[in-house]
2 protein chains.
Amino acid sequence: MKLKGIALTAGILISLNLGIAAQQQPQTLSLMPYPAQVDQQQGGFRLAPDFTVATSGAADERLYGGATRFLRRLDGRTGLFFTQEHVTASSKQGQQGLLIKTSRPGEVKLDEDESYRLKVDNKGILLEAETDIGALRGLETLLQLVLADEQGYYIPAIEIQDSPRFPWRGLMIDVARHFQPMEVIKRNLDGMAAVKMNVLHLHLTDDQGFRVESKVYPQFHEKASEGEYFTQEQIKEIIRYADARGIRVVPEFDVPGHATSWVVAFPELASAPGPYTLENNSGVFDPTLDPTNEKTYEVLQGFFAEMAALFPDPYFHIGGDENEGKQWDANAKIQAFMKKNKLADNHELQTYFNNRIISFLEKKGKKVIGWDEILQPNLSKSSVIQSWRGAEGLAQAAKQGYTTILSNGYYIDLLHRASDHYLNDPLPAGNTLTAEERKRVLGGEAPIWSELVTPTTIDSRIWPRTAAIAERLWSPREVNDVEDMYRRLDYISFRLEELGLQHKRNQQVLLRNLSNGKPIEPLQTLVDVVEPMKGYTRNPGGNTYKTYSPYTLFADAATADAPAARRFNTLVEDYIQTKDGAARKEIIQWLEKWQENHALMEPLIVQSPVLKSIEGLSANLSNIAILGLQAMNSSKGTMAGKKAADHASDTKQAMEQLEKAREQGGRTELQIVDAIEKLVMQDSSSPVGG
Amino acid sequence: MKLKGIALTAGILISLNLGIAAQQQPQTLSLMPYPAQVDQQQGGFRLAPDFTVATSGAADERLYGGATRFLRRLDGRTGLFFTQEHVTASSKQGQQGLLIKTSRPGEVKLDEDESYRLKVDNKGILLEAETDIGALRGLETLLQLVLADEQGYYIPAIEIQDSPRFPWRGLMIDVARHFQPMEVIKRNLDGMAAVKMNVLHLHLTDDQGFRVESKVYPQFHEKASEGEYFTQEQIKEIIRYADARGIRVVPEFDVPGHATSWVVAFPELASAPGPYTLENNSGVFDPTLDPTNEKTYEVLQGFFAEMAALFPDPYFHIGGDENEGKQWDANAKIQAFMKKNKLADNHELQTYFNNRIISFLEKKGKKVIGWDEILQPNLSKSSVIQSWRGAEGLAQAAKQGYTTILSNGYYIDLLHRASDHYLNDPLPAGNTLTAEERKRVLGGEAPIWSELVTPTTIDSRIWPRTAAIAERLWSPREVNDVEDMYRRLDYISFRLEELGLQHKRNQQVLLRNLSNGKPIEPLQTLVDVVEPMKGYTRNPGGNTYKTYSPYTLFADAATADAPAARRFNTLVEDYIQTKDGAARKEIIQWLEKWQENHALMEPLIVQSPVLKSIEGLSANLSNIAILGLQAMNSSKGTMAGKKAADHASDTKQAMEQLEKAREQGGRTELQIVDAIEKLVMQDSSSPVGG
């Protein structure tokens, strides 16, 4: 199954036959998610100011809007000053241009047809799709196909047939821990559309805030949001904006745990006496709704009826995670209720609660989703399980007849590398599910939990890694070459900027703040080789950072997939295997740059005390760069005369320095220590072995 | 009157006495607008995590909100993890911290007291103000005072007494030509508050669009906005957001000219038969409301009554500019009306129209503002004249008894330098107005007309230059040293980033788009020495660029006040006068960098055809850098042996190259040609003279 992967590794090489451009070098494509079938041909279609877009078939407002945005983005890149202002029903097919043919207006719903066919030759571009939503997917592919040569811009001749592997490809944004305003949601919807994702899951309530206006129970947003919530008008605007991009919006209201904000508004619904205040720490907290109190159902039903009408999607998320049941255990009335109703434990009590809620929501036409924990005996079979605990839970749920989506392995807030997420397959090769069970695996969702993110940093926590997850969920399983994924991800990451995403630009803003306005180059050099502490280690105990802490620090500027470290580590691997001279030269250049960097950092730190927390980290980088340089020089023979005893002592000291360089600094970790260690070990082994 | 200016030029040097930090270098302050009185003292107040903010007196929600934002911004810079989450009525004054004393809640209205006193010593910080609005102004000054040394962050000991020179200090945003969404308005309100501006004037209608929801006449926003308008909820949110920052919101609805969007919705109100479509060019267009049609007044009164209620500020702007009257001249009915009513010309007809509107609006409790042209005999004396045509008009209006605000000289969309705006005084020294007439000059407004700006570029057209205008309107007239203004402007510009303003970050985004994702350094070198074509020259005829054209080009990345050119030009001035060796060395470094730059640009241009329009510009920069280097080397004596004839020929050729380098490229112009010419001329004159 690696055949396609190998083809991808080499990149998609195409021969061009574009008149005078025929002799030029073939150019590599950077499609992501990679389409199901790609057939590259000779030639291509040149773009000019008279380029036009026209439609035929069953075009609708969604398509006209999408095609007009396509035109503006293409013009923004090429500066061609297209004469066409809007794509409308009266747009005529020009001599040369793009024709979009659709058969029917799509519906923004699960399992809608998103397939498309794209055919480009010297004469023009034909995009065919069953639905306008499929056409939108094809327009994104087309934008990724734009190439340039000395003559100008062109689309290479190509035939693409494409459709998604999974129908549910989601991004979950937690707007509860740190509220994320409209512009964050909108630009991320644009990013999702660019990589063909189709579900925005909004985590709207949690211990730290209640983020939606309720007209039925205004005390929710009035008392439990500190003024940061979406009005119903704004929710409608989000839904419209998403719909225009072929994206569903699934709301989540987390019950019965993660419920502090519910009981700040309604203390009488809690399982222990209040009053309550909003959380500003991270973690799992005690406040839990009382499932034995009829008022709980009255309020939930009133509120859920309102929300069921506000959010048109048939799927409705009730959370259900991490209810530790402490308040239930301590409440005699609840214990008596369990005994009376023969509910053996808190799991059975939660299922009792869930089933009452589910039964109500089903009457409102909703299918209920919940996190892993809702999967208990007697859970309604119509429910969807969102697995955060692992692939095993996912498979188990599918075997029991539940539809499922995978989130375990896609927690982008934990700042693991794109490659980790990329290789995390909802249906890995060799899975033991039957064909029917496999169909129940609907896809996956990447959650960005927002304990440690703000509107300034959230984009760099979502992008570009989410594009790799989007490919996992759209493209064939066999598209799985990590190196080629990273090559394409770099391109996609840059292109996502045109949608207003701030993952790249805001890093410089944070670095300028840290440098107190001084030139940021030394900080940039350092940040490019570190990654923020992964998993839950950055915020030990959940209370080092509070919701109101500063998220303007070095760790906030750092990203997963430290770019210079990725490059350096690849070079070292190559060099160790091949002793390649070019790799050697570049390794030495990097090491020399790092060796000198601490001296450049020191004056910055003096005038910007916020940088003190990374003084050691910066020194460590320079120190181990020196070790690396010594090893590189030594293996060239300059240390050949050294005695074995000296050498062993040097090596021990080196190992100590390397160990020290593994310590965090400013809640980030150097990512080139292992590679330098390899250089040092290779050097230290050579006199002994040689 | 230059005494204060001289003190500023040297910067504010303070001696510190902060325990162990006593021996350190004094640090320069960067306050802007510069306060009325500043008294610097020994010592200062150190910031620590237990820093607290408390209030006494008449604090209110506006102050609690502002003080909490102050706390978060200070924490975001220092990374101190302040323990205080909110400033509330129950916030206690800590051992050490900031105490804010106010006497009464302010009102967001013209002439409200905005004065404050700030006193910092080793023990703490006291901010006193008559109103909470004055306190907000003081908090911004305090944030500009934060300094750092090796021990950490501190506020220098200081006493400041401050109040504004003019009560009307505005920014006008044209949201009609290119709509600017909520986040643009909000972040610019934050920027305005940071430099103590107090009026946001929204230009809401023009030929290109009608940008506010009307419930009385929904056809306005439905037919004439292409879906881009503020809902009334959004307007209320803008007003709330502005009020929280002590900023008034003044709406403008431009009549009877600039009226295409009005008549797209209501063709029957035009002075010529329709139908009409929205303009997508720039300029002055014919569509004009019919002042002889009673329906015009019916609709305007219905709509204005709605808007008068929506916008609480007593000032209401009716535009009134650039009505060329072509439709009036050509309409027999209108001509007959004029004759019948003894209206001698179009000016009198417009005054007739204005007075009917003004009379209606005055009944609604509004004072009317209009552009210069509304100033005609018989205009109601309650009207305010906004002068776009010149200081003479301003003085004339004041002499006639009208209150006025100055906008001439503050047109930031025309991309003149900050220094030009900075020295443009509404009441220059030597003006001939009486004391009473001077009081009628309320202040000024910087208008950003949006023909050529988008949400991506608008911030870089507003900031940082508007901060210089804000200083002109707030600070004493004698604060007018250009060099020191630029020094402080650089700092303020960087600090404005923390408010989300994108003037710095988006330049890199545009350059990356232009470079097709390749490293942008050569483009950055080039953009740093050019400025976009000034005045109305970038868009000749008003139709080179349409509303839907790409604004992602090199000229959009370029800014007024090209930073490297400013530095280089200063160096050349210094060097020519002083022959300073350090200046000479840096001049040569710049010239060498520019000499080499075109070779670095060429491969970028090859793979990114959008850059072809600046190929000549880039070549010119390298060519004249070579001339500069020759001149620098020659004056060192290397060309001393050359014959006079050769020399003259070289000079002629050099002058031709310099002339060529004055041509625009990519709608930008090199800003170092004059300086290099000076170097060349000096060199060429030396053999003749010597």
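A.B. asks: Outline the interface of chain A and chain B, supporting the account with residue identities and numerical values.
C.D. replies: Facing the 39 residues of chain A at the interface are 39 residues of chain B. With six residues, the single largest contributor to the side of chain A that touches chain B is helix H18 (residues 505-514) of chain A. Split by residue class, the side of chain A that touches chain B holds 13 nonpolar, 15 polar and eleven charged.

A.B. asks: Could you give me a rundown of the sheet that holds strand S15 (residues 384-387) of chain B, with the residues and numbers involved?
C.D. replies: Residue and element names in this part refer to chain B. Pairing in this closed barrel of eight strands is parallel, and the strands run S8-S9-S12-S13-S14-S15-S16-S17 around the ring. In this sheet, neighbouring strand axes are inclined to one another by 30 degrees on average, regardless of whether the strands run parallel or antiparallel. Two strands pair when backbone bridges link them, and strand S8 (residues 168-174) and strand S9 (residues 199-203) are joined in this way by five bridges, in the parallel orientation. Bridging from a neighbouring strand, Ile 173 pairs with Leu 202 of S9. Docked against the sheet, helix H12 (residues 391-399) engages S15, strand S16 (403-406) and strand S17 (441-448), running at close to 165 degrees with respect to S16.

A.B. asks: Any chance you could break down the nonpolar core for me, citing the residues and the numbers?
C.D. replies: Core analysis: the biggest nonpolar cluster contains 197 residues, and A:Leu127, A:Leu200, A:Ile247, A:Ile448 and A:Ile676 have the highest contact counts within it. Excluding residues that lie within four positions of it along the chain, A:Ile676 makes contacts with A:Ile624, A:Leu627, A:Gly628 and A:Leu658.

A.B. asks: So what's going on with the relation of the copies chain A and chain B? Residues and values would help.
C.D. replies: The operation relating the pair of chain copies consists of a rotation about an axis and a translation along that axis. Expressed as a screw operation, the relation of chain A to chain B combines 0.0 Å of axial shift with a rotation of 180 degrees, fitting to an RMSD of 0.0 Å. A rotation of that kind, with that shift, is consistent with a two-fold axis. Identified as the residue of chain A closest to the rotation axis by C-alpha distance is A:Arg505, at 2.7 Å. Comparing interface residues between copies, 100% of those in chain A also sit at the interface in chain B, which points to an isologous, same-surface contact.

A.B. asks: So what's going on with the domain arrangement of chain A? Which residues, and what values?
C.D. replies: Note: interface size is frequently given as the accessible area lost on complex formation between the parts. All names here are of chain A. Domain boundaries assigned for chain A yield domain 1 (3-162), domain 2 (173-479) and domain 3 (507-689). Relative to domain 3, the C-alpha centre of domain 2 lies at a distance of 39 Å. Taken residue by residue, the interface counts 19 residues in domain 2 and 18 residues in domain 3. Considered class by class, the residues forming the side of domain 2 that touches domain 3 number five nonpolar, ten polar and four charged.

A.B. asks: So what's going on with the sheet that holds strand S14 (residues 367-371) of chain A? Residues and values would help.
C.D. replies: Residue and element names in this part refer to chain A. Read around the closed barrel, eight strands run S8-S9-S12-S13-S14-S15-S16-S17, paired in parallel fashion. Going across the sheet, the axis of each strand differs from the next one's by a mean of 30 degrees, ignoring polarity. Contacts from helix H4 (residues 182-194) reach strand S8 (168-174) and strand S9 (199-203), with the element oriented near 160 degrees to S8.

A.B. asks: Report on the confidence of the model for chain A, specifying residues and quantitative values.
C.D. replies: Residues and elements named next belong to chain A. Here chain A averages 92 in pLDDT, and 93% of its residues register 70 or above. Confidence drops under pLDDT 50 across residues 1-26; counting only partners more than four residues distant or on other chains, this segment forms 46 contacts. This prediction of the complex comes with two scores: 0.95 for pTM and 0.94 for ipTM.

A.B. asks: Run through the environment of B:Trp262, naming residues and quoting values.
C.D. replies: All names here are of chain B. With respect to the element layout, Trp 262 can be found in helix H7 (residues 260-265). Using a count of 30 C-beta atoms within 10 Å as the deciding quantity, one classes Trp 262 as buried. In this structure the C-alpha to C-alpha distance between Trp 262 and Lys 579, which are 317 residues apart in sequence, comes to 62 Å. The contacts of Trp 262, once residues within four sequence positions are left out, are Thr 205, Phe 210, Leu 269 and Leu 289.

A.B. asks: Provide a residue-level description of helix H17 (residues 482-496) of chain A, including the pertinent values.
C.D. replies: End to end, H17(A) covers 20 Å across 15 residues, agreeing with the expected 21 Å (1.5 Å per residue, within 8%). Considered for burial, the residues of H17(A) that qualify are A:Asp484, A:Met485, A:Arg488, A:Leu489, A:Ile492, A:Ser493, A:Arg495 and A:Leu496.

A.B. asks: Can you break down the pairing of S9(A) residue by residue, with the values?
C.D. replies: Residues and elements named next belong to chain A. The element S9 is extensively covered by neighbouring structure, given that five of its five residues are classed as buried. Every second residue of S9 is oriented toward a common face, with Val 199, His 201 and His 203 on one face and Leu 200 and Leu 202 on the other, all of them buried. Handedness of the S8-H4-S9 crossover: right-handed. As defined by bridge partners, S9 adjoins strand S12 (residues 248-255) across five bridges and the pair is classed as parallel. Its bridge partner lying in S12, Val 199 is registered against Arg 248.

A.B. asks: Which residues make up helix H2 (residues 61-78) of chain B, and what are the values?
C.D. replies: Residues three or four positions apart in an α-helix share a direction because the helix packs 3.6 residues into each turn. Along its 18 residues, H2(B) runs 26 Å from first to last C-alpha, staying within 8% of the 26 Å computed at 1.5 Å per residue. Buried residues of H2(B): B:Arg62, B:Leu63, B:Gly66, B:Ala67, B:Phe70, B:Leu71, B:Arg73, B:Leu74, B:Asp75, B:Gly76, B:Arg77 and B:Thr78, and no others. Each element contacted by the buried residues of H2(B) is listed here: H18 of chain A together with strand S2 (52-57), strand S3 (97-104), helix H3 (132-145) and strand S7 (152-162) of chain B. Looking one or two residues beyond H2(B), the residue adopting positive phi is B:Gly79, at roughly 60 degrees.

A.B. asks: Tell me about the packing of H4(A) against helix H6 (residues 232-244) of chain A, and please be specific about residues and values.
C.D. replies: Residue and element names in this part refer to chain A. Where H4 meets H6, the axes come as close as 10 Å, and the angle between the chain directions of the two elements is 15 degrees. The orientation of H4 relative to H6 falls into the category roughly parallel. Crossing geometry of H4 relative to H6 is assigned as right-handed. Taking contact as the criterion, the partners of Met 182, Ile 185, Lys 186 and Leu 189 in H4 are, on H6, Gln 234, Ile 238, Tyr 241 and Ala 242. Of the residues that constitute the contact of H4 with H6, the class distribution is six nonpolar, one polar and one charged.

What counts as what
- Residues numbered from 1 in each chain as written.
- Chains lettered and ligands numbered in written order.
- Predicted model: local features only at pLDDT ≥ 70, side-chain atom pairs only at ≥ 80, totals over all residues.
- Contact = placed C-beta atoms within 7 Å.
- Helix = DSSP H or I, 4+ residues; strand = E, 2+ residues; numbered from the N terminus.
- Nonpolar A, V, L, I, M, F, W, Y, C, P; charged D, E, K, R; others polar.
- Pairing = 2+ DSSP bridges.
- Axes fitted to C-alpha atoms, helices over the stretch in contact; angles between N-to-C directions.
- Core = buried A, V, L, I, M, F, W, Y, C linked by C-beta atoms within 7 Å.
- Buried ≥ 20, exposed ≤ 12 C-beta atoms within 10 Å, placed from the backbone.
- Least-squares fit on C-alpha atoms with pLDDT ≥ 70 in both.
- Domains from an automatic or database assignment.
- pLDDT = per-residue confidence, 0-100.
- Expected span 1.5 Å × (residues − 1).
- Right-handed = clockwise from strand over helix to strand, strands pointing away.
- Parallel < 35°, antiparallel > 145°, perpendicular 65-115°, else oblique.
- Left-handed = near helix turned anticlockwise from the far one by under 90°.

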